[in-house]
Amino acid sequence: MGAPFGVRGFVHLRSFTDPPDNVLDYRPWLARRDGQWMDTDAEVERHRGGIVARLAGIDNRDDAAALKGVEIGVPATSLPAPNEDEFYWRDLVGREVRNLEGVVLGTVADMMATGAHDVMVLDDHGAERLIPFVRAHVLSVASALPASAHGALLVDWQPDWN
């Protein structure tokens, strides 16, 4: 959640849905405070190209200001199933990444959007490796490598590429 909006407890909301106003359609909402996810009711509305929200029990600007940085989420069961060749980032994090030669390049630690395309952030024993999440490099999300690589992502990428 962002900066307060007005005096009635609303805050600016940064949505990670695509398109951003899809967040208006999801319920129930969860709020993460002090590392714990809790159910919360929210009033949400569009405002001048953005989105503002007021959580239950928040009715003034001071209380809204205290919400800055609080994360909002929804249960995975509220999300639609992805189409073929689409993936939720949460389903990629933790997956092993191997190249065509079977070399383990690391584990997906995070994903990031760059504007042009998404990028996998790999943890390679403490070193960071970035691989564009595009068809030219990501060949298979559930690779056909040996059973020990079950669930690995197969990429056309070399260990010495930066």
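Figured I'd write up the structure that's included with this text. Being a predicted model, the structure only gives us computed values, none of them experimental.

Re the sheet that holds strand β8 (residues 96-99)
Sheet strands associate in pairs through backbone hydrogen bonding, adopting either a parallel or an antiparallel arrangement. Taken in spatial order, the six strands of this open sheet run β11-β10-β9-β8-β13-β12, and their pairing is mixed. Looking at which strands have only one partner, the edges of the open sheet turn out to be β11 (127-132) and β12 (138-140). Sheet twist, expressed as the average angle between the axes of neighbouring strands with direction ignored, equals 40 degrees. Of the strand pairs in this sheet, β12 and strand β13 (residues 153-155) are connected by two bridges, and their pairing is antiparallel. Counted as the bridge partner of S140 is L154 from β13.

Digging into the packing of aromatic side chains
In total, this model carries two aromatic pairs according to the counting rule given. Between W157 and W161, the aromatic rings sit 5.2 Å apart at their centres with planes inclined by 75 degrees, giving edge-to-face as the arrangement.

What about unusual backbone geometry?
For the peptide bond that leads from D18 to P19, omega is 0 degrees, which places it in the cis range. Summarising the element assignment, P19 is placed in the loop between β2 (10-13) and β3 (29-33). Positive phi is not limited to glycine here, since D34 has a value of about 55 degrees. Along the chain, D34 turns up in the loop between β3 and β4 (36-40). Looking at D34, the relative accessible area reads 82%, which means it is exposed. For H125, which is not a glycine, the phi torsion comes out positive at approximately 55 degrees. The residue H125 is located in the loop between β10 (118-124) and β11 in this model.

With respect to the environment of G9
Here G9 lies in the loop between β1 (4-5) and β2. Accessibility expressed as a relative area gives 1% for G9, which makes it buried. Remark: the alpha-carbon pair of G9 and V93, spanning 84 residues in sequence, is separated by 35 Å. Filtering out sequence-adjacent residues up to four positions away, G9 remains in contact with A53, R54, I58, D59, N60, R61 and A64.

Details of the sheet that holds β4
Here three strands make up an open sheet; going across it, the order is β4-β3-β7 and the pairing antiparallel. Since the sheet does not close on itself, it has two edges, and those belong to β4 and β7 (71-73), each with one partner. With direction set aside, neighbouring strand axes in the sheet form an average angle of 35 degrees. Where β3 meets β7, three bridges bridge the pair, whose relative direction is antiparallel. By the bridge assignment, L30 is partnered in β7 with G73.

Considering the nonpolar core
Residues M1, L13, W29, V44 and L55 are the most contacted members of the largest nonpolar core, which totals 17 residues. The set of elements that each furnish at least two residues to this core consists of β2, β3, β5 (42-47) and β6 (50-55). With three residues, β6 is the largest single contributor of residues to this core. When near neighbours in sequence (up to four residues on either side) are disregarded, M1 contacts V11, H12, L13, A53, L55, L67, K68, G69, V70 and I72. Listed in part, the 14 residues of the second largest apolar core include L92, V97, V155 and W157.

A few points about the pairing of β6
Regular strands place their side chains on alternate faces of the sheet. In terms of burial, β6 is largely enclosed, as five of its six residues are buried. In this sheet, β6 lies alongside β2 in antiparallel orientation, the contact comprising three bridges. Among the inter-strand pairings, H12 is bridged to a residue of β6, identified as V52. Both β5 and β6 contribute to a ladder of six bridges, which runs antiparallel. Its bridge partner being in β6, E43 is matched across the sheet by R54. The loop that links β5 with its antiparallel partner β6 comprises two residues; one of these, R48, has a positive phi angle of about 50 degrees.

Definitions and cut-offs
- Residues numbered from 1 in each chain as written.
- Predicted model: local features only at pLDDT ≥ 70, side-chain atom pairs only at ≥ 80, totals over all residues.
- Heavy atoms only, no water.
- Pairing = 2+ DSSP bridges.
- Helix = DSSP H or I, 4+ residues; strand = E, 2+ residues; numbered from the N terminus.
- Axes fitted to C-alpha atoms, helices over the stretch in contact; angles between N-to-C directions.
- Phe/Tyr/Trp six-rings, centres within 6.5 Å; stacked < 30°, edge-to-face > 60°.
- Buried < 20%, exposed > 50% of the residue type's maximum accessible area, 1.4 Å probe, protein only.
- Contact = heavy atoms within 4.5 Å.
- Core = buried A, V, L, I, M, F, W, Y, C linked by side-chain atoms within 4.5 Å.

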